[in-house]
Amino acid sequence: MKKIPFYFLALILFSCSPNQEEKEVVTETIIEEKIMEETPDSVLRHVVLFGFKESATQEDIDKVVAAFENLPNEIPEIKGFEWGTNNSPEGLNQGLTHAFTLTFYSEEDRAIYLPHPAHKAFGEVLGPHLDKVTVVDYWTK
């Protein structure tokens, strides 16, 4: 059976629905199904932990975070992004204070990200302020 493109299917269903409420329900259902269809069972997580130099100001760190946050806008292979600061009471962070997690759907997507010009430009923003870094990649189970 030939698959009908999402936008075409949405157009057909949307135009056939008799009222606005039904149109919204149909459209939401199609979008949810499309997202579920595109999301793989397992994803590749790229976890990056930073420790900043003592000389790095809060303004410097904020610029690094903003530059990292912008990467998904410039690199479409990044399918998810989140970050936060260390909040562990165990005291085992070894000077690493900021955690970033990027999600990729394939190793090929990660391979595009790593040498990407936007990623390299981010490295230029980060470099003068970075003291320590740890990177761990894993496939979700």
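To be clear, the structure that these remarks concern was listed above.
The rules behind these values
- Along each chain, residues carry numbers from 1 onward, in the same order as the chain's sequence is written.
- Selection of residues for local features in this predicted model requires a pLDDT of at least 70, selection of side-chain atom pairs for listing and counting requires 80 or more, and totals for whole chains, interfaces and linings are taken over all residues.
- The basis for every side-chain value is the complete set of non-hydrogen atoms in the structure, without hydrogens or water.
- Salt-bridge detection follows one rule: a side-chain nitrogen of Lys or Arg within 4 Å of a carboxyl oxygen of Asp or Glu.
- The way it works is that DSSP assigns letters per residue, a run of H or I at least four long becomes a helix, a run of E at least two long becomes a strand, and they are numbered from the N terminus.
- Relative accessibility decides the category of a residue: with a 1.4 Å probe and only protein chains considered, values under 20% of the type maximum give buried, values over 50% give exposed, and everything between is partly exposed.
- Under this definition, polar contacts are N or O atom pairs within 3.5 Å; protein pairs additionally need one hydrogen-donor-capable and one acceptor-capable atom, and for neighbouring residues in sequence, both atoms have to be side-chain atoms.
- Every residue pair with non-hydrogen atoms within 4.5 Å of one another is taken to be in contact.
- Strand pairing is assigned whenever DSSP detects at least two bridges linking the two strands.
- Working convention: axes come from line fits to C-alpha atoms, limited for helices to the stretch in contact. Angles between N-to-C directions cover 0 to 180 degrees.
- The criterion for an aromatic pair is that two Phe, Tyr or Trp rings (for Trp, the six-membered ring) have centres within 6.5 Å, with stacked assigned to planes under 30 degrees apart, edge-to-face to planes over 60 apart and tilted to the rest.
- The span you would expect from a helix comes to 1.5 Å times its residue count less one.
- The arc refers to the directions leading from the helix axis to the C-beta atoms.

Caption draft 1: Quick look at the pattern of salt bridges. Under the definition given, this model contains two salt bridges. Glutamate 59 serves as the salt-bridge partner of lysine 63, at 3.5 Å between the closest nitrogen and oxygen. Taken together, the positions of lysine 63 and glutamate 59, both in helix 3 (residues 58–74) and four residues apart, correspond to about one turn of that helix. Arginine 110 serves as the salt-bridge partner of aspartate 137, at 2.8 Å between the closest nitrogen and oxygen. Remark: arginine 110 occurs in helix 4 (residues 107–113) and aspartate 137 occurs in strand 4 (residues 130–139); sequence separation between them is 27 residues. Assessed through its relative accessible area of 29%, aspartate 137 is described here as partly exposed.

Caption draft 2: Inspection of the side chain of histidine 98 at higher detail. Of note, histidine 98 is situated in strand 3 (residues 98–104). Look at histidine 98 and you get buried, because its relative accessible area is 10%. A polar atom in the side chain of histidine 98 sits 2.7 Å from the side chain of threonine 97. Contacts of histidine 98, omitting those with residues within four sequence positions, involve Val48, Leu49, Phe50, Phe52, Ile61, Val65, Trp83, Gly84 and Thr85.

Caption draft 3: Structural detail: the sheet that holds strand 2 (residues 80–85). One open sheet holds the four strands; their spatial order is 2-3-1-4, and the pairing between them is antiparallel. One side of each edge strand has no neighbouring strand; the edge strands of this open sheet are strand 2 and strand 4. Sheet twist, expressed as the average angle between the axes of neighbouring strands with direction ignored, equals 15°. Here strand 1 (residues 44–52) pairs with strand 4 via nine bridges, running antiparallel. Across the sheet, phenylalanine 50 pairs through a bridge with valine 133, a residue of strand 4.

Caption draft 4: Main features of the packing of aromatic side chains. All told, the structure shown has ten aromatic pairs when counted by the stated rule. Plain terms: the ring middles of phenylalanine 50 and phenylalanine 68 are 6.0 Å apart, the flat faces sit at 35° to each other, and that makes the pair tilted. With a gap of 18 residues between them, phenylalanine 50 in strand 1 and phenylalanine 68 in helix 3 connect regions that are remote in the sequence. Aromatic side chains phenylalanine 50 and phenylalanine 100 sit 5.3 Å apart centroid to centroid with 50° between the ring planes, which places their arrangement in the tilted category. One end of the pair, phenylalanine 50, is in strand 1; the other, phenylalanine 100, is in strand 3, and 50 residues separate them in sequence.

Caption draft 5: Inspection of helix 3 at higher detail. Taking 1.5 Å per residue, 17 residues should reach 24 Å; helix 3 reaches 25 Å between its end C-alpha atoms and fits that length. When helix 3 is considered as a whole, its buried residues turn out to be Asp60, Ile61, Val64, Val65, Phe68 and Leu71. Around the axis of helix 3, the buried residues are gathered within 140° of arc, so they sit on the same side. Exposed positions of helix 3 whose direction lies more than 90 degrees from the buried face are Gln58, Glu59 and Asn73. Taken together, the buried residues of helix 3 touch strand 1, strand 2, strand 3, helix 4 and helix 5 (117–126).

Caption draft 6: Broad picture of unusual backbone geometry. Of note in this structure, glutamine 94 is not a glycine but carries a positive phi near 50°. Note that glutamine 94 resides in the loop between strand 2 and strand 3. By relative accessible area, glutamine 94 is classed as exposed at 63%.

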